[in-house]
Amino acid sequence: MDATVYQHFRKEEAPFIDNVSEWMERANMEYRPILTDFLDPRQQFIVEDIVCKHGIVH
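Residues numbered from 1 in each chain as written. Predicted model: local features only at pLDDT ≥ 70, side-chain atom pairs only at ≥ 80, totals over all residues. Heavy atoms only, no water.

1. A few points about the overall build of the protein chain
Next, step 1: Within the protein chain, the regular secondary structure consists of 2 helices and 0 strands.
Next, step 2: Rg of the C-alpha trace for the protein chain: 11 Å, near the compact-globule value of 10 Å for 58 residues, within the 12% margin.
Next, step 3: Overall, the protein chain is about 30 × 25 × 15 Å in size when its C-alpha atoms are taken along their principal axes.
Next, step 4: For the protein chain, the proportion of its 58 residues judged to be buried stands at 29%.
Next, step 5: Within the protein chain, contacts between residues at least 6 apart in sequence are counted, and of these 59% link residues at least 24 apart.
Next, step 6: Surface exposure of the protein chain reaches about 4600 Å², of which carbon and sulfur atoms provide 54%.
Next, step 7: One way to put it: in the protein chain the 6 positive side-chain charges average out to a point 3 Å from where the 11 negative ones average out. (Helix = DSSP H or I, 4+ residues; strand = E, 2+ residues; numbered from the N terminus. Rg over C-alpha atoms; globule rule 2.2 N^0.38 Å. Buried < 20%, exposed > 50% of the residue type's maximum accessible area, 1.4 Å probe, protein only. Contact = heavy atoms within 4.5 Å. Areas by Shrake-Rupley, 256 points an atom, 1.4 Å probe, with all protein chains shown as cover. Lys, Arg positive; Asp, Glu negative; His and termini not counted. Charge placed at Lys NZ, Arg CZ, Asp CG, Glu CD.)

Here it is as structure tokens:
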């Protein structure tokens, strides 16, 4: 994932952003949906933002 993504979020959210990147890669490579554990509203926002702007998946 592009390193500039991290500048838009808090430092403590970097590990979660890495997880989102891994989910996107897995969904793209395996061509399947990825199910996650419960996401709080902030995490939902992060996922939607990253997938919509930088993702190759929907």
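2. Thoughts on unusual backbone geometry
Next, step 1: Positive phi values are uncommon outside glycine, yet Tyr31 reaches one of about 50°.
Next, step 2: Since its relative accessible area comes to 77%, Tyr31 is described here as exposed.

3. Side note on the packing of helix 1 (residues 14–30) against helix 2 (residues 41–54)
Next, step 1: The interhelical angle for the contact between helix 1 and helix 2, taken along N-to-C directions, is 50°, at an axis separation of 10 Å. Taken together, the axis directions place helix 1 and helix 2 in an arrangement best described as oblique. Two packed elements cross with a definite hand, and for helix 1 against helix 2 that hand is right-handed. Residue-level inspection shows Phe16, Ile17, Val20, Trp23 and Met24 of helix 1 in contact with helix 2, the latter providing Gln43, Ile46, Val47, Ile50, Val51 and His54.
Next, step 2: Counted by class, the contact of helix 1 with helix 2 contains 9 nonpolar, 2 polar and no charged residues. (Axes fitted to C-alpha atoms, helices over the stretch in contact; angles between N-to-C directions. Parallel < 35°, antiparallel > 145°, perpendicular 65-115°, else oblique. Left-handed = near helix turned anticlockwise from the far one by under 90°. Nonpolar A, V, L, I, M, F, W, Y, C, P; charged D, E, K, R; others polar.)

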